[in-house]
Amino acid sequence: MPDNSYFNFPYDAQTLMAEGHALDDVNPSQRPGTMLYTAYQINLDELTLSASSLPPVIPSNNDSDCFHQHNSTPTLDSTEKECLIAEATSAAFLTLYQHNELEVQVNDAKVWELQCPHGCWIKSGIRSHIKLTSRGQFMALEQHYGACCIQKSKVRGAIKKSRLALATLNLSKRSSIILSPSSSPPASAESAPNSTLTLIAPSPCPGFVIHDWPTPDGIPAQANLPWLRTADGPDKLSFDLEVVSHQILAHSFNCTRVAVDDARPCDFCAYLELKVNALADNARTHRAHTRHGLLTPIQLIDVIHECDHNFNVTKLQGLNNGCKIRHLLSRLEDHSSLVIALSQCDIPWLCNLLQTALKNGASIRTILRMLEDTLEQGNLLYSLNQCLNLPSLCTLQRKTSFVNLHPIIGPISGAVIECNINDVVIVPRAEAQLTLRGGVSLLIDETALEESVSYMSDSNSVGGLCWMHSHNIDPTLRTYHSALNLAEALKEGKVHLGRELTVIAAHIFGADGTYPILAAPTCKSEGATEMIFIFKTAIDAWKASGAEEKVGPLWSFATDGDATQQKGGHQLFLSVPLPFTSPLYGTLSNLPGLNLLTGDCEIMLDFDYKHVFKRFSTVLRSHNGIHLNNGRCINSTMLHRYLTWVNNINEKRATALLYPDDPQDVPRAVELMSAIIVLGSIDPTKILSHVLDSLLQPFIKISLSLMEQVISLSRFVHLLYACYHNQRHSFIPNQLYYDSQTLFKNIIFCISKQQQLDPNAIFSLLDVGDDPIELLFAFLRMCGGHNSAINYKQSLDRLGAAHDIGGVYARNPDIMRGPRCLNLSHSEALDHISRSTWKGDVISGHCDLQSSWKQGRDEAVQILQDTWVPTSAYNFAQYFSVGSGIDLLCVFGEGKYPSMNDGDDDKDRSILAPPILSSPREAEPHDIEEALPLQGCASSPIDVDGGEDYEHTFEEILEDVCATSPDQPEEDNEESADTAPSSAAPPTGPGVPAVDFLWCDKKWVHKQSVCRLIISPDFTPKSQSRLFRVRGFLPVNKRSGNVEAGNFLHGDHFLTGDLFLALLRTHSKTLALALLQATAISENGTSCARIKTDTLISQRANIKVSGEVMVLVPSRNFDSDSTWVWTGGYLKTASAVPGMSINTQKVVSISIPGYLLNLVNPSVVNTLDALTTDQTSEINSQGSTWALDNEALQMAVASLWTKIEESKIPFSSITSLSTENSHFPYKMGNGVDGLICGTGTEILASTGRGKAVTVSCPVCSETTKDICSHMGMHILRAARKVFDNVVDPISGPLPCRFCGQSNNPDCALLMKETSHKIQWESKCPCQDAFQYGSASKGSDTRPCRNVPIVCQLCIHQNRDMDWLPALWHYNFEAHLNLEHPEYAHPGKLIGLPLPGSIFQSFALTAAKEKKAGVPVRPVFTLLQKEKENTPVPAHSKKRKANAQAFVSAATLTKRVRQ
């Protein structure tokens, strides 16, 4: 080995392993020279190296001066050139270019092109004026040359040879030479005679190491690897898996087997991370129906277990089905035995019926149906009467007097009521020898009535017309023209069909039974004045009939809480103070707070206690809920969380209580109130549980005495007064408060009256209210069987029958199951809470009203002292002092009563909200004229449905009646002139009164047929479902589909009750941060209990969050106000009592868009460490509260302001507080406002009224105060092709009013038009609110009229009251061009005439065009002519039905005449 055996060359893998990077198909631009090296000891005695075998020295690339003159650079010999080409790196190609061994040229694009050694030209992407001096400029050539197949194979071969050479090196030699760029040559060869040569070789690729492979605890990772996917097949993985020392490794099939820096895997293996993660997800959870070849061994075991489970379930189901089949076979045998037994009985007709049915193979169900039909015919009923010794119907008619009510024909008359009182009350009681007098309560309520008229034969008049307007017509049915006059009056609205039946009944305290005395059809248009008239008429009739002396005095007039009846009753029964000469005055005047106003004869207004129960439950189930004095909102969502804490109430039961199918269900309301009473241990519901318990116990706890009942009710009304005095209608609605206090007032008065009338008689609280009339209605519906719908005539008959049925059940209570919805429990038997089953002492004389009143008030004060209710709310001694004018009913004095004041127009959320009823239906002009034209008027038939059906006139129907009847032979119908019907000879015969028929031109027709076909031809039966018959029934609180009481801890969801932060505008033009607690969440107007966080903060989602502002103060133990602590209270504001100078406090509740809030996660602290003593008055009993870091709140301020800026939200969209409050903005320790958004406050103060943060127009870059109107002018000019000096002109046919963009799905426009308002919806990020009415009219300062409109030419699948696709006004002509090109319009004068209504929807007058600054167009006249006097045919089916009805009537008349 020569002395100069040291060779200095840059050993950076460019000579041995660099070509391997050409195999990198994923990232061809990977640079060489980034490999690790391993030292190998080489024996120089056995290895001979020469300088010619190594590449020449390549000059440094940094020395660029030597490359300026290519001609001066010496050329390379062939060996050096081949070595550089074999190297194939950018540096090698640069060297070839510098030695004039690489051809370059400039193409037509003035870009350098480099010639590949294979002869092809490669574009470098470098302009020709730039000199080629760096190796990076040859990167494109390196990538191209490395991708060649020939070069790849050459490099692969070189790598294999290098690896083989390195593996065969002898490492045991003495001398070594370090071949390294950093080493220095030895002094001489003799100085290192035994030296060895150390070669640096690349380390092998370790592969991709999988660390967190999903594996169950205690199971090795190998058990959860998809080994089946390592075999050949369609599911084979694209990499290898192996386990080495309990470590899972993945190797790519294209692995270079060489590691990179820090022993990391090669690029091919490193790129396996995404595939490994996907494989890990499949190993963690697999979807159903996944092929078994893709599963891991553990997953295959789970599949086996699942198959075993399914097999067991199927086996169990098979066993159950076998049991059911055996049971059904047993029942079938029983049925067969029954049929055989019946077929062998002695009743001949029954034997024939069963034998015939069995012979024909009839089923059991068919045979039973045949028996039912036979029962209706009376034969089986006669047999049962004989077997059971029941009296026959004839016997009952002879021996028993049935109740018959006199109808109301015309206005309500006192004479008719007197007759009913005598026939229904006085005479039956005298016959039954019931002479004991008792207090009487008149009950009033309404029930459903079919909107049709009936013929009342006794008075020869038409019944079923509303009593209120019947004075405008003559209801007597004398001639056919009388019927036509009535039909015309209905069409003109002079009179209306009765929608409901107003019933007044009398109930005697201490006795069972209800006596109906009035049944009048009503159109539900009465006001308070009409209700006063009804009340007075009934009271006067009771006195005039002598019932007061024979039956008993009137004590009260009870309703179910109807608003109209409430207002009328208030004016009538709270009109005069109780006179001091009254025997009641001495007792009642010593009850402080009791309202002593009464009606004439000391008659009181009363409300039903069961309706009060239902209305309290309705408020609790609503989304607004009840606001307690501590500011907490108790609603359905909050209760759904906590009801499962009550024993025997699971999630399913809680859902049934809060979201019942029938909100009128009394047992479910009682159960809900009882469950909330149990939750009284929770701080927020403590006061509420006491209120409900005091109300509920007197009516359901049968062991209470009358005195204990009064104590409980006294406690209830005083608690109710204190809570209402502090919160007013935020606590409960004004109407519910008035009804509750009036109910209690009437109970006290009635007890006192009973003590004066008979102190030894019992007094039951179950006798108050209108529950007896509800029971009467239950019997009324029962009389109709499965068809409970009734007309007016049927209602009179069934009311009498219901009274008789009630009497039977009153005498035999053991056979009455009882109406389920009127009971106080879900018992299938008789309601156990009744007057006869009450165990407590309810003798009226044993009750001391004064002491009971005082004890109840004292207990209420003791309860209030333990709550957050301020002392000023229950200072009863001061409020109820003599001369104050304040009592439990008149809360604030001055004669102002809740729900009776002029300003108390708040919505009563305790009752089902009735829809706004239009005036009674007015028949269309063509309804009567086409169906029944006047006599002598010609009516040409109209071809309908291809000429098969024709419109029938009344004369044509009569001709059909006179035509041959299909039921009789033709010869029998040939009548001579002597036997033809005559107007002088009406039908007569046994049971056929001649007065019941009318001569209708050619035929005698029964008056009931005339009423049905002429006066009310458009009769439509009402629903048989009770809920749908309830006037105004709406599901008050539809259950949210995402409510889960047992699983509320979801990290990615926002729930009601959670805290959030938002920026609010104050009255002093300050933008400050507020902490709020969510009370309601709505998505697209639908309430929900929770919502995903991503959806909540998305600006595209229409999310609204309602919440209450919480009061924060700085902590006392931290400096610089570093922590804010909640005091347990909520921000309150003054609420003026309507018509008075008194203010109360109510909790501030605001609504905020979801994208304008930030979520917050406070910490829990002890109030003793964070707050002073005077700040803990509203803290809960646990002494804990929430705390937030000041730095985090400041960051929230900046984050929210950034949202406002980026979203270009106008200040008008930021919720504002209309009044000043000392607690907001939050005050720091030195009294300075804290958590203020400085930038927003400055802009708000400078702009005055709310103005958009960014008001620069995106089209013309000008600033404007009204961006919407400004943008509308740009859109109109673009639509009219008028020049507009703008930076970014409007493009697209349908630009958005807010942003000017077209075809943006976020700018899609929807519109909904109702009878009250027009709503529009768009999710454009730049949208701004505007008033539709003012925007559609325009003004001098804002001439833009670009508002949403709906194209009536388009086919909309939705109803008119639903959301419909809309477009902007100024885009309508472009819409016509795109969607309806066949029509002409002012911008295109060629096409079909445009409908006039369509043109009016988007036309601009000349004056409006001048205001908008666009040229005035000529008058557009290419419009369709409106058709005049186009008859609208009635429904063909209805005409056929009418014709058939007249045929049946004529046939019946003919048979009677014969």
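Residues numbered from 1 in each chain as written. Predicted model: local features only at pLDDT ≥ 70, side-chain atom pairs only at ≥ 80, totals over all residues. Heavy atoms only, no water.

If you had to explain the overall build of the protein chain to someone new, which residues and values would you point to?
Looking only at helices and strands, the protein chain has 42 helices and 39 strands in total. Per-residue burial over the protein chain gives 47% buried out of 1458 residues. Taking the intrachain contacts of the protein chain between residues at least 6 apart in sequence as the baseline, contacts between residues at least 24 apart amount to 68%. For the protein chain, the exposed area adds up to about 72,400 Å²; of that, 52% sits on carbon and sulfur atoms. (Helix = DSSP H or I, 4+ residues; strand = E, 2+ residues; numbered from the N terminus. Buried < 20%, exposed > 50% of the residue type's maximum accessible area, 1.4 Å probe, protein only. Contact = heavy atoms within 4.5 Å. Areas by Shrake-Rupley, 256 points an atom, 1.4 Å probe, with all protein chains shown as cover.)

Tell me about the packing of helix α25 (residues 771–783) against helix α26 (residues 792–811), and please be specific about residues and values.
Taken N-terminus to C-terminus, the directions of α25 and α26 make an angle of 115°; their axes are 8 Å apart at the nearest point. As judged from the angle between their axes, α25 and α26 are roughly perpendicular. The hand of the α25/α26 crossing is right-handed. For the pair formed by α25 and α26, the contact residues are Leu776, Phe779, Leu780, Met782 and Cys783 on the first element and Ser795, Arg798, Leu799, Ala801, Ala802, His803, Ile805, Gly806 and Tyr809 on the second. Taken together, the residues of the contact of α25 with α26 sort by class into 10 nonpolar, 3 polar and 1 charged. (Axes fitted to C-alpha atoms, helices over the stretch in contact; angles between N-to-C directions. Parallel < 35°, antiparallel > 145°, perpendicular 65-115°, else oblique. Left-handed = near helix turned anticlockwise from the far one by under 90°. Nonpolar A, V, L, I, M, F, W, Y, C, P; charged D, E, K, R; others polar.)

Just give me the short version of the environment of glutamine 299, but keep the residues and values in it.
Mapped onto the elements, glutamine 299 comes out in helix α7 (residues 297–343). Residue classification places glutamine 299 among the buried residues on the basis of a relative accessible area of 3%. For the pair glutamine 299 and arginine 284, spaced 15 residues apart in sequence, the C-alpha to C-alpha distance is 8.9 Å. For glutamine 299, the residues in contact, after removing those within four places along its chain, are Asn282, Ala283, Arg284, Thr285 and His286.

Give a description of the nonpolar core that names residues and reports values.
Grouped together as the largest cluster of nonpolar side chains are 89 residues, with contacts concentrated most on Phe616, Leu643, Tyr721, Ile732 and Ile748. The greatest single-element share of this core, amounting to 11 residues, is contributed by helix α23 (residues 706–727). (Core = buried A, V, L, I, M, F, W, Y, C linked by side-chain atoms within 4.5 Å.)

With reference to specific residues and values, describe the sheet that holds strand β3 (residues 111–115).
The strand order β2-β3-β4 describes an open sheet built from 3 strands, whose pairing is antiparallel. Two strands in the sheet have a free side with no partner beyond their single neighbour: β2 (104–106) and β4 (121–127). Averaged over all pairs of adjacent strands, the angle between their axes in this sheet comes to 30°, without regard to strand direction. Sheet topology places β2 next to β3; 3 bridges connect them, and they run antiparallel. Each bridged residue has a counterpart across the sheet, and for glutamine 105 the counterpart in β3 is glutamate 113. (Pairing = 2+ DSSP bridges.)

Provide a residue-level description of the packing of helix α12 (residues 414–431) against helix α14 (residues 528–544), including the pertinent values.
As a packed pair, α12 and α14 sit with axes 9 Å apart at the nearest point and diverge in direction by 55°. As summarised for this structure, α12 and α14 are arranged oblique, according to the angle between their axes. Regarding α12 and α14, the two cross each other, and that crossing is right-handed. Along the contact surface, α12 presents Gly414, Ile417, Glu418, Ile421 and Val425, while α14 presents Thr537, Ala538, Ala541, Trp542 and Ala544. Here the contact of α12 with α14 is composed, by residue class, of 7 nonpolar, 2 polar and 1 charged.

If you had to explain the confidence of the model for the protein chain to someone new, which residues and values would you point to?
Per-chain confidence: the protein chain averages 75 in pLDDT, with 74% of residues scoring 70 or above. Within the model, the stretch residues 1–72 combines pLDDT values under 50 with 139 contacts to residues more than four positions away or in other chains. Here residues 1249–1253 scores under 50 on pLDDT; set against residues more than four positions off or in separate chains, the count is 12 contacts. (pLDDT = per-residue confidence, 0-100.)

How would you sum up the sheet that holds strand β8 (residues 247–252)? Please name residues and give values.
Pairing in this open sheet of 3 strands is antiparallel, and the strands run β6-β8-β7 from one edge to the other. Looking at strand neighbours, the two that pair on one side only are β6 (208–210) and β7 (239–244), the edges of this open sheet. Adjacent strand axes in the sheet meet at a mean angle of 30° when their direction is disregarded.

Give a detailed account of helix α37 (residues 1267–1279), specifying residues and quantitative values.
For the α-helix, the turn length of 3.6 residues means that residues three or four positions removed from each other point alike. Counted at 1.5 Å a residue, the expected span for α37 with its 13 residues is 18 Å, and the 18 Å between its end C-alpha atoms agrees. Among the 13 residues in α37, 10 count as buried, and that is most of the element. Taken together, the buried positions of α37 are occupied by Ile1267, Cys1268, Ser1269, His1270, Met1271, Gly1272, Met1273, His1274, Ile1275 and Leu1276. Phi turns positive one or two residues past the end of α37, at lysine 1281, with a value near 60°. (Expected span 1.5 Å × (residues − 1).)

Report on the pattern of salt bridges, specifying residues and quantitative values.
Tallying each qualifying case throughout the model produces 17 salt bridges. Aspartate 474 is the salt-bridge partner of arginine 478, the closest N and O atoms lying 2.6 Å from each other. On the basis of relative accessibility, which here comes to 52%, the residue arginine 478 falls in the exposed class. Across the salt bridge formed by lysine 1227 and aspartate 1233, the nearest N and O atoms sit 2.4 Å from each other. Within the structure, one salt-bridge network assembled from shared partners comprises Asp512, Asp767 and Arg835. (Salt bridge = Lys/Arg side-chain N within 4 Å of Asp/Glu carboxyl O.)

Describe the pairing of β3, naming the residues involved and giving the relevant values.
Within β3, 4 of the 5 residues are buried, which leaves the element mostly enclosed by the surrounding structure. The loop that links β2 with its antiparallel partner β3 comprises 4 residues; one of these, lysine 110, has a positive phi angle of about 60°. Examined bridge by bridge, β3 and β4 share 4 bridges and lie antiparallel to one another. In the sheet register, glutamine 115 faces β4, and the bridge partner there is tryptophan 121.

Just give me the short version of the packing of aromatic side chains, but keep the residues and values in it.
One pass over the full model with this rule turns up 28 aromatic pairs. A ring pair is formed by tyrosine 721 and phenylalanine 876, whose centres lie 6.1 Å apart and whose planes are at 55°; its orientation type is tilted. Of the two residues, tyrosine 721 is situated in helix α23 and phenylalanine 876 in helix α28 (residues 876–879); the sequence distance between them amounts to 155 residues. On the accessibility criterion, tyrosine 721 (0% relative accessible area) is buried. Through a chain of ring-to-ring contacts, the aromatic side chains of Tyr721, Phe876, Tyr879 and Phe880 assemble into a single cluster. (Phe/Tyr/Trp six-rings, centres within 6.5 Å; stacked < 30°, edge-to-face > 60°.)

Which residues make up unusual backbone geometry, and what values do they have?
Along the chain, phenylalanine 1224 connects to proline 1225 via a cis peptide bond; the corresponding omega equals 0°. Positionally, proline 1225 belongs in the loop between α35 (1190–1207) and α36 (1238–1247). Positive phi, close to 55°, is recorded for arginine 728, a residue that is not glycine. Unusually for a residue other than glycine, glutamate 894 sits at a positive phi of about 60°. By the element assignment, glutamate 894 lies in the loop between α28 and α29 (925–931).

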